[in-house]
Structures are given as structure tokens and as C-alpha cells.
Amino acid sequence: AFDEGTMNIGGSLSYTVQRIEPDADAYAVLNLSPQFGYFVMKNLSADVIMEINQILHGDNSDFSMEMGLGGRYFLDQVYVGAGFTQYGFRHRFKGNTTYRWSATYFHIKGGYLAQLIDNVYLDVGLGYSTGIGNYGGDLWGENEWWRFRMITGLQVFFQSGIINDIVSKNPMNGASYVGS
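Keep in mind it's a predicted model, so treat the numbers as computed, not measured.

For the environment of Val 120, give the residues involved together with the corresponding values.
Within the secondary structure, Val 120 sits in strand β7 (residues 120-137). Of the residues examined, Val 120 reaches a relative accessible area of 18% and is grouped as buried. Here the alpha-carbon distance between Val 120 and Ile 9, two residues 111 residues apart in the chain, equals 9.9 Å. Excluding residues that lie within four positions of it along the chain, Val 120 makes contacts with Ala 114, Gln 115, Gln 155 and Val 156.

Quick one: what's the story with the packing of aromatic side chains, residue by residue and with numbers?
A full pass over the atoms with the stated rule returns 17 aromatic pairs. Residues Phe 39 and Phe 157 carry aromatic rings whose centres are separated by 6.2 Å and whose planes lie at 50° to one another, so their mutual orientation is tilted. Taken together, the residues Phe 39 in strand β2 (residues 27-41) and Phe 157 in strand β8 (residues 146-158) connect sequence positions 118 residues apart. The pair Phe 39 / Phe 157 is uniform in exposure class, with both members buried. When the ring of Tyr 121 is compared with that of Phe 157, the centres are 5.5 Å apart and the planes differ by 85°; the resulting orientation is edge-to-face. Taken together, the residues span a long stretch of sequence, with Tyr 121 in strand β7 and Phe 157 in strand β8 at a distance of 36 residues. Across the pair, exposure class does not vary: Tyr 121 and Phe 157 are buried alike. We note Arg 72 situated over the ring of Tyr 79; from NZ or CZ to the ring centre the distance is 6.0 Å.

Please provide a residue-by-residue account of the nonpolar core, values included.
Counting residues in each nonpolar core, the largest one holds seven residues, listed as Phe 2, Phe 39, Phe 74, Tyr 79, Leu 113, Tyr 121 and Phe 157. Listed in part, the six residues of the second largest apolar core include Trp 101, Ala 103, Tyr 105 and Tyr 135.

So what's going on with the sheet that holds strand β1 (residues 7-18)? Residues and values would help.
Hydrogen bonds along the backbone pair up the strands of a sheet, which may run parallel or antiparallel. Reading around the barrel, the eight strands line up as β1-β2-β3-β4-β5-β6-β7-β8 and close back on themselves, with antiparallel pairing between neighbours. Neighbour-to-neighbour, the strand axes of the sheet open up by a mean angle of 25°, direction not taken into account. Relative to β8, β1 runs antiparallel, the two sharing five bridges. Note on β8: the bridge partner recorded for Asn 8 is Phe 157.

Any chance you could break down the pairing of strand β3 (residues 44-57) for me, citing the residues and the numbers?
Note that β2 and β3 share 11 bridges and pair antiparallel. Opposite Met 41, over in β3, you have Leu 44 as the bridge partner. Linkage of β2 to β3, two consecutive antiparallel strands, is achieved through a turn of two residues, within which Asn 43 is found at a positive phi near 70°. Linking β3 back to strand β4 (residues 60-75) in an antiparallel pair, the connection comprises two residues, with Gly 58 at a positive phi of about 60°.

I'd like a rundown of a nonpolar patch on the surface, residues and numbers included.
A cluster of nonpolar side chains, contributed by Ile 108, Leu 126, Tyr 128, Trp 146, Phe 148 and Met 150, occupies part of the molecular surface with about 690 Å² of accessible area. Looking at the nonpolar patch, the elements that each hand over two or more residues are β7 and β8. Counting residues per element, the nonpolar patch draws most heavily on β8, at three residues. The class for Trp 146 is exposed, based on a relative accessible area of 54%.

Kindly report on the confidence of the model for the protein chain, identifying the contributing residues and their values.
The pLDDT averaged across the protein chain works out to 85; a share of 87% of its residues lies at or above 70. Between residues 175-180, whose pLDDT stays under 50, and residues either more than four places distant or in other chains, the model counts one contact.

Just give me the short version of the side chain of Asn 8, but keep the residues and values in it.
Within the secondary structure, Asn 8 is located in strand β1. Given the relative accessible area of 2%, Asn 8 is considered buried. Separated by 2.7 Å, the side chains of Asn 8 and Arg 72 make a polar contact. Reaching out from Asn 8, the side chain makes a polar contact with the side chain of Gln 155 at a distance of 2.9 Å. With residues up to four places along the chain from it excluded, the contact list for Asn 8 reads Gln 35, Phe 36, Gly 37, Arg 72, Gln 155, Val 156 and Phe 157.

The rules we used
Residues numbered from 1 in each chain as written. Predicted model: local features only at pLDDT ≥ 70, side-chain atom pairs only at ≥ 80, totals over all residues. Heavy atoms only, no water. Helix = DSSP H or I, 4+ residues; strand = E, 2+ residues; numbered from the N terminus. Buried < 20%, exposed > 50% of the residue type's maximum accessible area, 1.4 Å probe, protein only. Contact = heavy atoms within 4.5 Å. Phe/Tyr/Trp six-rings, centres within 6.5 Å; stacked < 30°, edge-to-face > 60°. Lys NZ or Arg CZ within 6 Å of the ring centre and 35° of its normal. Core = buried A, V, L, I, M, F, W, Y, C linked by side-chain atoms within 4.5 Å. Pairing = 2+ DSSP bridges. Axes fitted to C-alpha atoms, helices over the stretch in contact; angles between N-to-C directions. Patch = residues over 30% accessible without salt bridge, like charges linked within 9 Å, V, L, I, M, F, W, Y side chains within 5 Å. Areas by Shrake-Rupley, 256 points an atom, 1.4 Å probe, with all protein chains shown as cover. Salt bridge = Lys/Arg side-chain N within 4 Å of Asp/Glu carboxyl O. pLDDT = per-residue confidence, 0-100. Polar contact = N/O pair within 3.5 Å; in protein donor to acceptor, adjacent residues only side chain to side chain.

Structure follows, in C-alpha cells:
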């Protein structure tokens, strides 16, 4: 159980090499998905969600960033959550033509936190995301995109008292400074 005032920093990092079809060239995807949470009440976390992707394939490159808000509810080390994000995407074709578009997504997820050491957990879960509304920018039409994925990452929790302990043990606390 996580008490009100607990803070959470976590997420995942991945590097993937993938190919769309057997005759196509492989390309690399670097993904960073940080997450920041604050427990507004016991076992209920309000979260800031981010996802950053850099895709390199030949002379082409893609960059995307997704940001939003969500929440998770914890039953001991099991959680369920949901959130909304806004997505921005840029595709550069052969270095001189650029396309940009945006979209909105709804996400649900669930998982289990396996404790590694005090306050540090391996996060293993499943997530489903779906598009909402229409695309914006250079892409048009209804956003019918969806994704189902397995999620693995690390989560670190700072109980509300830990931050106060760190501040109170700082040797500079209460020190007088020259000129003060």
C-alpha cells in the first residue's frame, strides 16, 4: 500500500530493430517512456505520462512525443490505470520533406510490481491504447489506431517522509552563510 504524499518516478527504455515485411530494410526505434506519479490519497496516484520515440530508417527519420495525464489504483503490488495523451509526430522523408500530425489517445493498463530492493520495483504489465477523434496536421481522417503491448520497466517510490529526512539530514540546513 502506498500512502498519500508518496511520489513515484519510473518508466521504461527500449531499443528495437524491426522490419515491416521480409523484403524491407530493417530500422531502429529508440523509445523512452518516463512516468511521474503523486499519491493524492492512499493507493491512488495521479500521473504525468510521457513517451518519446526516435525512429531511424535510411535517409528517413521519425520523431514523436506523447504527453498526458492519468491515474493508477493499487491493491498492494497490483495496479490498474487509465489516462489520456496528446501525440505529436514528425516524419522527415529523405531529409527534405517533412510531414507533421497529431492525435489523441486513451490508454488502460494493469500490472504487477515485483520488489527488487526497498522502494524499487520491477513493473510488469499489459496495456491497451486506442485513438480518439480525428487526426490533425498533414494526416486527416478518423483516428482508428490501436495498440496492445506488454510493459516492463522500473518504478521507484519515495514515501512522503523520505524527502523530509533527506532535507533534514542535509549538512547545509541551518548553516549560516557569509554575508547573510
